[in-house]
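Okay, here's what each chain looks like letter by letter:
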Amino acid sequence: VGVTSAQDIEEATKWMKQMVQEDECVMPLGMTAICVKPLKVPRSDLVRIGKATRKDPAVTLHTTMEQLRSDSDADALVAPDKNDWVQLPAQIIIGNGISWALSIALPLFEEKGRLTYIKPTPQKELTSLLNGFPPVVGIEVKDDVAAIESTAPQLGIGTVYLNRFVELETLMAMCGWLHHSRSRFAVSYIVLGTPLNRLSSTVDQRWWRLFDTMPDALRALLLFDVKWLHMISRLLVICLREEVIPDPEVMCALSGCRQKEYLTWWGQWLLFTATGVFPDKAKMYAANTRKEALASLRALGEDGSLLGSPPRRIIALETLTSHTATLAEGGACYLHIEREQALQSYQVFKQQVVPGFAHLFKSEISDSVMLRVRYGQSGFHRVDHRRRLPAKASYHLNFNPALPLSRVVINMEKFSLSQLLSIFKRAGRSLNEGMLEWGRLNLECIDELFKVCQKDAVIAKKLRSIYEPLRLTVVHVCDRDPVEVPYCEAGFAKKQSSALSTEKERNEDIKTRIEDVHEQMEALHQELVDLANQKRESDAALASIESDMAKGKRIDRSVWRGAQSSMRYEEHSPDYGGRARKGASPHRRAAMQEPCAVVELPAVPRDPTILAPGWRDEGEAQGHGRATSLTLKRKVERGGALVASQKASRQESSSSSGAGSGSSEVDSDEEI
């Protein structure tokens with residue numbers, strides 16, 4: 001820290017990610033071993049490191065009480081108790097200890113028997129490296145992660161937040177470890193068969209030295225620690241996997257995938273189950289059964305204390321392991337019992353979806369699936385799944401003799417179709433189900449059977465219905481492709497070609513229907529637009545009519561006023577019904593063809609000589625002999641200018657005979 005350049009740190013980050021991917025290709029576990037070597041110092045030293053500046057970055061540390069007592073520094077004179085000491089992550093090493101390991105050491109230097117810390121300038125590349133660590137597994141890793149995250153800002157490294165981590169003791173409890181001794185020596189001796197020397201692990205507070213400057217003995221011990229964690233964690237996971245998924249064929253068949261993809265999901269599921277779960281040591285040491293060991297696992301509460309009951313994911317794991325004996329008790333022994341239990345395990349896994357793997361659990365457990373899983377067998381309640389196998393039995397999953405249907409035995413050296421049919425007739429079993437069961441119990445014989453089918457087309461034709469299930473059995477269990485049978489492969493190729501043609505026709509038909517629906521939608525959209533425009537015009541006309549009615553206007557029923565109303569309220573364009581006014585001048589005809597609008601005029605003072613159109617003067621009715629008509633016309637030009645013209649005409653009425661008695665007549669045919 002503080003010495004390696006930014007470019008070298010970036011290269012180390014890429015190299016670490018590449019090495020992690022290579023480990024995952026070997027065994028997709030999802031977690032990497034980590035080992036943190038601490039340096040114990042008083043809290044006052046950590047405070048002084050945080051206050052150090054670029055001009056004065058050196059801070060002398062105290063690693064023993066004697067150094068504290070002999071130091072004249074006022075800050076260090078106060079002798080801290082055991083709670084005032086903190087653990088600095090002097091050396092962080094991550095990897096497998098076999099093919100690769102990455103070491104990160106603090107900038108500590110020894111001078112005159114005292115350690116000096118040189119506070120570095122924060123490097124974002126180093127912070128990215130630590131934050132980019134994969135999920136890790138270790139011993140007391142929770143305290144190690146807390147020490148790294150809490151001291152990194154004061155040490156000049158920056159804000160660090162490590163990814164998920166798993167305690168090794170949690171894995172031990174999940175795998176059914178019931179031995180009361182859980183020390184590294186005992187675990188190493190029981191699991192690896194090799195003693196582990198932990199007497200010299202502290203090396204007298206010398207873990208702060210750079211890896212290149214360490215003596216060979218210290219480097220070997222450091223690498224062995226991370227190698228030990230790598231091997232122990234993987235062996236424990238393998239033990240748990242052999243108990244939960246003893247038959248990979250049925251699980252891969254239900255999920256429709258190969259072993260690599262399924263094991264990748266398994267590693268992520270196990271990481272999800274074990275992350276954030278820690279053992280209640282009092283309950284774990286008192287556990288006498290597998291169920292009690294799992295029940296001792298607890299999640300952390302908001303205050304950092306263990307909760308009172310195990311989380312749901314641990315309860316689900318307990319249901320998965322309750323039916324199978326641990327490896328120390330013999331483990332899974334019988335094929336059919338484990339395949340039957342796989343149906344229940346599949347449902348449990350389906351409820352605990354891991355992000356990115358939901359497609360593996362979309363199948364439904366149908367009757368045909370059950371027949372395929374059980375090979376037509378029944379009466380599983382008669383079978384004691386904890387019954388130990390005889391000494392000469394194979395280490396593979398075996399056939400339990402308590403099953404009602406007997407096991408089929410085929411001699412491949414004298415194999416013939418007539419022999420095959422007679423064997424199944426005597427056993428009283430279905431050919432398809434019996435052959436699938438025989439193939440699962442005799443994986444090494446499937447290739448021999450396929451070689452016989454290569455030579456004899458009659459046998460190949462008889463067994464073509466179970467060719468694909470037998471081939472997938474080898475693929476799912478052995479993770480390899482068996483010998484191909486040309487006759488069966490040609491049949492599958494023909495079926496696939498036919499299915500491809502059918503699907504292409506269906507695809508084209510769907511494409512055509514989509515285009516037709518698009519055209520219909522476009523037509524409906526245009527119709528919707530037209531209706532919206534008509535609705536908008538109708539709303540405007542309705543509002544205009546209601547406004548006229550509210551103002552008490554009278555709408556003439558004459559030809560011109562009718563045409564004008566038709567223009568305003570109905571079609572918004574003049575409609576004269578193809579009739580032209582007789583005797584009208586050309587310029588008047590042109591004026592009549594132009595669009596007009598009635599504009600309300602301001603109030604006019606009442607004048608007995610000027611009346612509104614359509615009204616009679618009261619004087620005329622009394623015989624005054626005078627009538628007045630007012631003609632108003634306003635035209636709306638396209639530019640929006642309003643031109644108004646007013647024309648007034650008065651006409652003297654002829655006097656009638658007799659004084660005081662007369663009448664006037666208004667020419668009712670006069671038109672505007």
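Cut-offs applied
- Residues numbered from 1 in each chain as written.
- Predicted model: local features only at pLDDT ≥ 70, side-chain atom pairs only at ≥ 80, totals over all residues.
- Heavy atoms only, no water.
- Helix = DSSP H or I, 4+ residues; strand = E, 2+ residues; numbered from the N terminus.
- Buried < 20%, exposed > 50% of the residue type's maximum accessible area, 1.4 Å probe, protein only.
- Contact = heavy atoms within 4.5 Å.
- Areas by Shrake-Rupley, 256 points an atom, 1.4 Å probe, with all protein chains shown as cover.
- Axes fitted to C-alpha atoms, helices over the stretch in contact; angles between N-to-C directions.
- Parallel < 35°, antiparallel > 145°, perpendicular 65-115°, else oblique.
- Nonpolar A, V, L, I, M, F, W, Y, C, P; charged D, E, K, R; others polar.
- pLDDT = per-residue confidence, 0-100.
- Pairing = 2+ DSSP bridges.
- Phe/Tyr/Trp six-rings, centres within 6.5 Å; stacked < 30°, edge-to-face > 60°.
- Salt bridge = Lys/Arg side-chain N within 4 Å of Asp/Glu carboxyl O.

This part is about the overall build of the protein. For the protein, the count of helices and strands is 24 helices and 12 strands. A buried classification covers 39% of the 672 residues belonging to the protein. For the protein, long-range pairs separated by at least 24 residues make up 68% of all intrachain contacts whose partners lie at least 6 apart in sequence. In the form shown here, the protein has an accessible surface area of approximately 38,900 Å², with 53% of it arising from carbon and sulfur atoms.

Okay, unusual backbone geometry next. The phi dihedral of Glu-140 is positive, around 50°, even though this residue is not glycine. Along the polypeptide, Glu-140 turns up in the loop between β7 (136-138) and α5 (141-151). For Asp-479, which is not a glycine, the phi torsion comes out positive at approximately 55°. Considering the arrangement of structural elements, one finds Asp-479 in the loop between α20 (467-478) and α21 (486-550). Since its relative accessible area comes to 38%, Asp-479 is described here as partly exposed.

What follows covers the packing of helix α16 (residues 417-427) against helix α17 (residues 431-441). For the pair α16 and α17, the least separation of the axes is 10 Å and the interaxial angle reads 100°. If you check the angle between α16 and α17, you find them roughly perpendicular. For the pair α16 and α17, the contacting residues are Leu-420, Leu-421 and Phe-424 in the first and Leu-431, Gly-434 and Met-435 in the second. Per-class residue counts for the contact of α16 with α17 are 5 nonpolar, 1 polar and no charged.

Another aspect to go through is the confidence of the model for the protein. Chain-level pLDDT for the protein is 77 on average; 76% of the residues reach the 70-or-more range. Low pLDDT, under 50, characterises residues 556-585; the stretch is placed with 42 contacts to residues that sit more than four places away or in other chains. When the criterion is pLDDT under 50, residues 587-672 qualifies, and its contacts beyond four places in sequence or with other chains add up to 86 contacts.

With 10 of its 11 residues buried, strand β3 (residues 85-95) lies for the most part within the structure. Both strand β1 (residues 32-42) and β3 contribute to a ladder of 10 bridges, which runs antiparallel. The residue of β3 that forms the bridge with Pro-38 is Pro-89. Bridge analysis of β3 against strand β4 (residues 101-105) gives 5 bridges, and the strand direction is antiparallel. Its bridge partner lying in β4, Ile-94 is registered against Leu-102. Counted between consecutive antiparallel strands, the loop separating β3 from β4 contains 5 residues, among which Gly-97 sits at a positive phi close to 70°.

If you walk through the whole model with that rule in mind, you get 12 aromatic pairs. With a centroid separation of 5.7 Å and an interplanar angle of 90°, the aromatic rings of Trp-15 and Trp-100 are classed as edge-to-face. Of this pair, Trp-15 sits in helix α1 (residues 6-26) while Trp-100 sits in the loop between β3 and β4, and the two are 85 residues apart along the sequence. Taking the relative accessible area as the measure of exposure, Trp-15 reaches 33% and is therefore partly exposed. Here Trp-100 falls in the buried class, since its relative accessible area comes to 4%. Between Phe-450 and Tyr-467, the ring centres sit 5.0 Å apart and the planes meet at 50°, which makes this aromatic pair tilted. With a gap of 17 residues between them, Phe-450 in helix α18 (residues 446-455) and Tyr-467 in helix α20 connect regions that are remote in the sequence. Like Tyr-467, Phe-450 is buried.

Here we take up the sheet that holds strand β6 (residues 114-118). The strand order across the open sheet built from 3 strands is β2-β6-β5, with neighbouring strands paired in antiparallel fashion. Each end of this open sheet is capped by a strand with a single partner; those strands are β2 (58-60) and β5 (108-111). In this sheet, adjacent strand axes meet at a mean angle of 30° when their direction is disregarded. Relative to β6, β5 runs antiparallel, the two being bridged by 4 bridges. Residue pairing across strands places Phe-109 opposite Thr-116, the latter belonging to β6. Of the strands in this sheet, β2 and β6 are in contact with helix α2 (residues 43-51), which crosses β2 at around 170°.

Time to look at the pattern of salt bridges. A full pass over the atoms with the stated rule returns 19 salt bridges. The residue Lys-37 makes a salt bridge to Asp-225 at a minimum N-O spacing of 2.6 Å. In this pair, Lys-37 is assigned in strand β1 and Asp-225 in helix α8 (residues 216-244), connecting sequence segments 188 residues apart. Classification of Asp-225 by relative accessible area gives buried; the value is 3%. Within the structure, one salt-bridge network assembled from shared partners comprises Asp-247, Glu-249, Arg-339, Arg-372 and Arg-440.

Our focus in this paragraph is the side chain of Thr-321. Take Thr-321: it is sitting in helix α13 (residues 312-321). The class of Thr-321 is buried, set by a relative accessible area of 3%. If sequence neighbours within four positions are ignored, Thr-321 has contacts with Leu-240, Val-244, Arg-290 and Leu-294.

On to the sheet that holds strand β8 (residues 165-167). With mixed pairing, the 5 strands of this open sheet are ordered in space as β4-β3-β1-β7-β8. This sheet does not close on itself; its edge strands, each paired only once, are β4 and β8. Across the sheet, the mean angle from the axis of one strand to that of its neighbour is 35°, orientation sign disregarded.

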